[in-house]
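Fold and contact review
Here are the chains, one letter per residue:
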Amino acid sequence: MTGKLCFLVEPLAKSHFESVRGSHGWDHVQRVLKLCEHIGPLEGCDMTVLRLAALLHDIGRNESDAGGGETCHAQLGAEMARGILKEAGADEALIGAVAHCVETHRFRRGAVPVSMEAKVLFDADKLDGIGAVGIGRAFLFAGEIGAMLHDPDVDIEKTESYTEDDTAYREYLVKLRHVKDRMQTKTGKAMAEERHSFMELFFGRLNAETRGEL
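Definitions and limits used
Residues numbered from 1 in each chain as written. Predicted model: local features only at pLDDT ≥ 70, side-chain atom pairs only at ≥ 80, totals over all residues. Heavy atoms only, no water. Helix = DSSP H or I, 4+ residues; strand = E, 2+ residues; numbered from the N terminus. Rg over C-alpha atoms; globule rule 2.2 N^0.38 Å. Buried < 20%, exposed > 50% of the residue type's maximum accessible area, 1.4 Å probe, protein only. Axes fitted to C-alpha atoms, helices over the stretch in contact; angles between N-to-C directions. Parallel < 35°, antiparallel > 145°, perpendicular 65-115°, else oblique. Left-handed = near helix turned anticlockwise from the far one by under 90°. Contact = heavy atoms within 4.5 Å. Nonpolar A, V, L, I, M, F, W, Y, C, P; charged D, E, K, R; others polar. Phe/Tyr/Trp six-rings, centres within 6.5 Å; stacked < 30°, edge-to-face > 60°. Core = buried A, V, L, I, M, F, W, Y, C linked by side-chain atoms within 4.5 Å. Expected span 1.5 Å × (residues − 1).

1. Let's talk about the overall build of the protein chain
In terms of helices and strands, the protein chain carries ten helices and zero strands. Order of helices (α) and strands (β) in the protein chain, N terminus to C terminus: α-α-α-α-α-α-α-α-α-α. What you see for the protein chain is a C-alpha radius of gyration of 18 Å, in line with the 17 Å of a compact globule of 214 residues. The principal-axis extent of the C-alpha atoms belonging to the protein chain is close to 60 × 35 × 30 Å. Classification of the 214 residues of the protein chain by burial places 50% in the buried group.

And the structure:
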């Protein structure tokens, strides 16, 4: 039943990404799944719960974005995941475990990841937002909202999200450089440190090139 569940759930999950922005597309889900499959065994996870949670963790994003973000996509996604898993024939214990992972993968509004599977999903999701992939996604998102390429002297206190000032570098200053300190697992922390170091080097080089120093 385990393999069958993932087989049934994957296309149902994918169907919710047809009109999602590229920076949060189905390829993000696939990378998170691969990270979970790498980290999960090292942290002693139930891989059935973890794989299903990875596939379903962002299924509420499209609906949330359409509503201007007023609804938390993690909370909405947990509700949607319950329905999908029930329809696929999963038992209540499995449904509850997966829903907890989905609901807490943002770690906001008091929704704290408690199970090891939830912690690994949280780490995998955050790891895909930093390092080389994270930089790429930040530039992709900046392009999606019409932001400028780069401003090495950006003052984050005087700029706003979703404006031409919301560059990849601003995203790094506001959020990405803090991600490594939020990791939940030993494996995730080690991976985040390495990816963080790469971002520091990249944006340092970008600033220097932009100023004509290199």
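From this point on, the discussion continues.
2. Description of the packing of helix α2 (residues 26-42) against helix α7 (residues 116-127)
At a closest axis distance of 9 Å, the pairing of α2 and α7 adopts a crossing angle of 130°. With respect to α7, the axis of α2 lies oblique. By crossing handedness, the relation of α2 to α7 is classed as right-handed. Taken together, the residues of α7 that come into contact with α2 (itself represented by His28, Val32, Leu35, Cys36, Ile39 and Gly40) are Val120, Leu121, Ala124, Asp125 and Leu127. When its residues are assigned to classes, the contact of α2 with α7 shows eight nonpolar, two polar and one charged.

3. Overview of the packing of aromatic side chains
For any two aromatic rings, the description comes down to two numbers: the centre-to-centre distance and the angle of the planes. One pass over the full model with this rule turns up seven aromatic pairs. For the pair Tyr169 and Phe203, a centre-to-centre distance of 5.5 Å together with 40° between the ring planes defines the contact as tilted. Placement of the pair is Tyr169 in helix α9 (residues 168-174) and Phe203 in helix α10 (residues 186-210), with a sequence separation of 34 residues. Here Tyr169 matches Phe203 in class, with each residue buried.

4. Digging into the nonpolar core
Membership of the largest hydrophobic core comes to 58 residues, with the highest contact counts inside it found for Leu56 and Val98. The element contributing the most residues to this core is helix α3 (residues 47-56), with eight residues. With residues near it in sequence (within four places) discarded, Val98 still touches Val49, Leu52, Ala53, Leu56 and Leu85.

5. Notes on α2
The end-to-end C-alpha distance of α2, which contains 17 residues, comes to 25 Å, matching closely the 24 Å that a straight helix rising 1.5 Å per residue would cover. All of the buried residues in α2 are Trp26, His28, Val29, Val32, Leu33, Leu35, Cys36, Ile39 and Gly40. Remark: Gly44 follows α2 within two positions and exhibits a positive phi of approximately 70°.

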